[in-house]
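# Structural overview for review
Listed below are the residues making up each chain.
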Amino acid sequence: MENINFLAFAMPAFFLFVYLEYKLAQRRKRPEIFNYESSVSNISIGLAERLINLFIAASFYLLFYHIYEHYRIFDIPSTFLIWVGLILATDFVWYWYHRLGHEVNFFWAAHIVHHHSEEFNFTAAARITTFQAIIRTGFWCILPFLGFHPKMVITMLIVHGAYSFFTHTQVIGRIKWLEYVFVTPSVHGVHHASDEKYLDKNYGDMFTFWDRMFGTFQEEEEKPKYGLTHPLKSYSFLWQHFHYYFEIYELWKRSKGFQARWNAVFGSPAAMDQDIRPMLEKKFLQDKTDRSHRLKFRNYLYIQLAISTIVLTGFTYYFGNLSFYDKIFGLSFIMITLINCGALLEQRKWIYYLEYSRLFILTTYLLYVENLAEYFLIPVIIMIAAEKMFSLSRKYQNLVLQLETTER
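Residues numbered from 1 in each chain as written. Predicted model: local features only at pLDDT ≥ 70, side-chain atom pairs only at ≥ 80, totals over all residues. Heavy atoms only, no water.

## Here's the deal with the overall build of the chain
Scanning the chain from terminus to terminus reveals 18 helices and 2 strands. What you see for the chain is a C-alpha radius of gyration of 23 Å, in line with the 22 Å of a compact globule of 408 residues. In terms of overall dimensions, the chain has a C-alpha envelope of 70 × 55 × 50 Å along the principal axes. Counting over 408 residues, the chain shows a buried share of 49%. Taking all contacts inside the chain whose residues are at least 6 apart in sequence as the whole, residues at least 24 apart take part in 79%. (Helix = DSSP H or I, 4+ residues; strand = E, 2+ residues; numbered from the N terminus. Rg over C-alpha atoms; globule rule 2.2 N^0.38 Å. Buried < 20%, exposed > 50% of the residue type's maximum accessible area, 1.4 Å probe, protein only. Contact = heavy atoms within 4.5 Å.)

## Quick notes on the side chain of histidine 114
Here histidine 114 is to be found in the loop between helix H5 (105-111) and helix H6 (130-140). In terms of polar contacts, histidine 114 uses its side chain to reach the backbone carbonyl oxygen of arginine 127, at 3.0 Å. In this structure the side chain of histidine 114 is engaged in a polar contact, spanning 3.2 Å, whose partner is the side chain of histidine 168. When near neighbours in sequence (up to four residues on either side) are disregarded, histidine 114 contacts Ala124, Ala125, Arg127, Ile128, Gln132, His168, His188 and His192. (Polar contact = N/O pair within 3.5 Å; in protein donor to acceptor, adjacent residues only side chain to side chain.)

## Re the packing of helix H3 (residues 36-71) against H6
Their axes nearest at 10 Å, the elements H3 and H6 cross at an angle of 15°. Relative to H6, the element H3 lies roughly parallel. Both H3 and H6 take part in a crossing whose hand is right-handed. Counted together, Glu49, Ile52, Asn53, Ile56, Phe60 and Phe64 of H3 and Thr130, Ala133, Ile134, Thr137 and Trp140 of H6 form the full contact between these two elements. For the contact of H3 with H6, the residue count by class is 7 nonpolar, 3 polar and 1 charged. (Axes fitted to C-alpha atoms, helices over the stretch in contact; angles between N-to-C directions. Parallel < 35°, antiparallel > 145°, perpendicular 65-115°, else oblique. Left-handed = near helix turned anticlockwise from the far one by under 90°. Nonpolar A, V, L, I, M, F, W, Y, C, P; charged D, E, K, R; others polar.)

## What to know about the UniProt feature "transmembrane region" (unreviewed entry) in the chain
In the UniProt entry, the feature "transmembrane region" (unreviewed entry) is given for residues 6-22, 51-68, 80-97, 300-318, 324-345 and 365-386. Segment residues 51-68 splits into 100% helix and 0% strand. End C-alpha atoms: 27 Å apart. Here residues 80-97 runs as 100% helix and 0% strand, with 26 Å between its end C-alpha atoms. (UniProt positions renumbered as here; feature names shortened; annotations may be inferred.)

## Brief notes about the layout of surface pockets
Roughly 1400 Å³ of internal volume is contained in the largest pocket. Along the wall of the largest pocket there are 46 residues; nearest its centre are Glu49, Arg50, Arg136, Gly161 and Ala162. Taken together, the elements giving at least two residues each to the lining of the largest pocket come down to helix H1 (4-8), helix H2 (10-27), H3, helix H4 (80-103), H6 and helix H8 (150-165). Among the elements that make up the lining of the largest pocket, the one with the highest residue count is H3 (11 residues). Of the residues contributing to the lining of the largest pocket, the split by class is 29 nonpolar, 13 polar and 4 charged. The space that makes up the second largest pocket amounts to roughly 670 Å³. Surrounding the second largest pocket, 30 residues form its lining, Trp108, Leu228, Thr229, His230 and Pro269 being those nearest its centre. Of all elements in the fold, only H4, helix H11 (237-254) and helix H13 (276-284) reach the threshold of two or more residues within the lining of the second largest pocket. Ranked by residue count, the leading element in the lining of the second largest pocket is H13, at 3 residues. (1 Å grid on protein atoms, 1.4 Å probe; cavity = no way out; pocket = protein on both sides within 12 Å on 5 of 7 lines; lining within 4 Å. Points joined across faces, edges and corners; volume = space filled by probe spheres on them.)

Below is the structure:
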């Protein structure tokens, strides 16, 4: 993948812009723009998507090339006007992918993660899942099918994605004259709102004229309330990714007949039974409605995110030179760390076992590097003995899961 080294620097750039936005929010006395738990959750999801995409992005590009070489309708040249046309075509395809992502349950299950956050800042832009990336790649296939060269398509997707990142912020005020043509932070903030008048509006990513053309444009009037109409009661990394698939399955089980079950999967999210999510949350989650307490040792979470980011940056930069086992180690280590972050936010006591798993993966990999993999059980025996002798799990939980009262 020839763009892989370039992508390694996208993560440090992301954190640089988040830091600048955070400092600007502080300077303008807008502390509500950032929420600790939500920001950690947003970043964790973004890191996971970047990680998994390393393994599958090459297949996306190969698919573009296969379609272009065997099925393209036209031979479209690379000229200035063609590039302008490609910008418009890309955003047009995005509009319909995005709109269907809100109107079809199966697509919404992948896209809903992007709307979980009740804050609207650069970290919210990171809330993209691999499921969403796979689905929208199917829509992007239209472009090489028409005859746009895959290199042009890939370049435009990078530009398109970079533009949309900067529309996820509140530190830029409304620029009304620009909204006649371009999507601004104000326009996209409306899309992220849960206010009834703002629902299912502003699907365009770069341009507003698609929304104006198809009757889905809404300018900002009152300050938006961000997030879902029925907020998720969890910061769990896994639950945020999969809860809506559980909801679809529960609706499918309740439905009788082919048409009803078809609608459970491909019908409108607006028709989802509203008692399903509370029922599933009661079944699978702790009661997190009381937000008066939060983790005291928040720096431990910051350290884990920092380690994940550093490892992922190096992993991305050297990905093409890594062995199969190097890649499996990187994938496992980072994913367990990110799951651990969500479990910490939920104050889950089983996170201690994740710590053991991470330590086991690390020691096994180090033994493999030193050609001593046959001794992988020795660290396990040491960990079991240490637990029996010193009750490390209890000490760990008492230390790491300490809570402090928050101002309400």
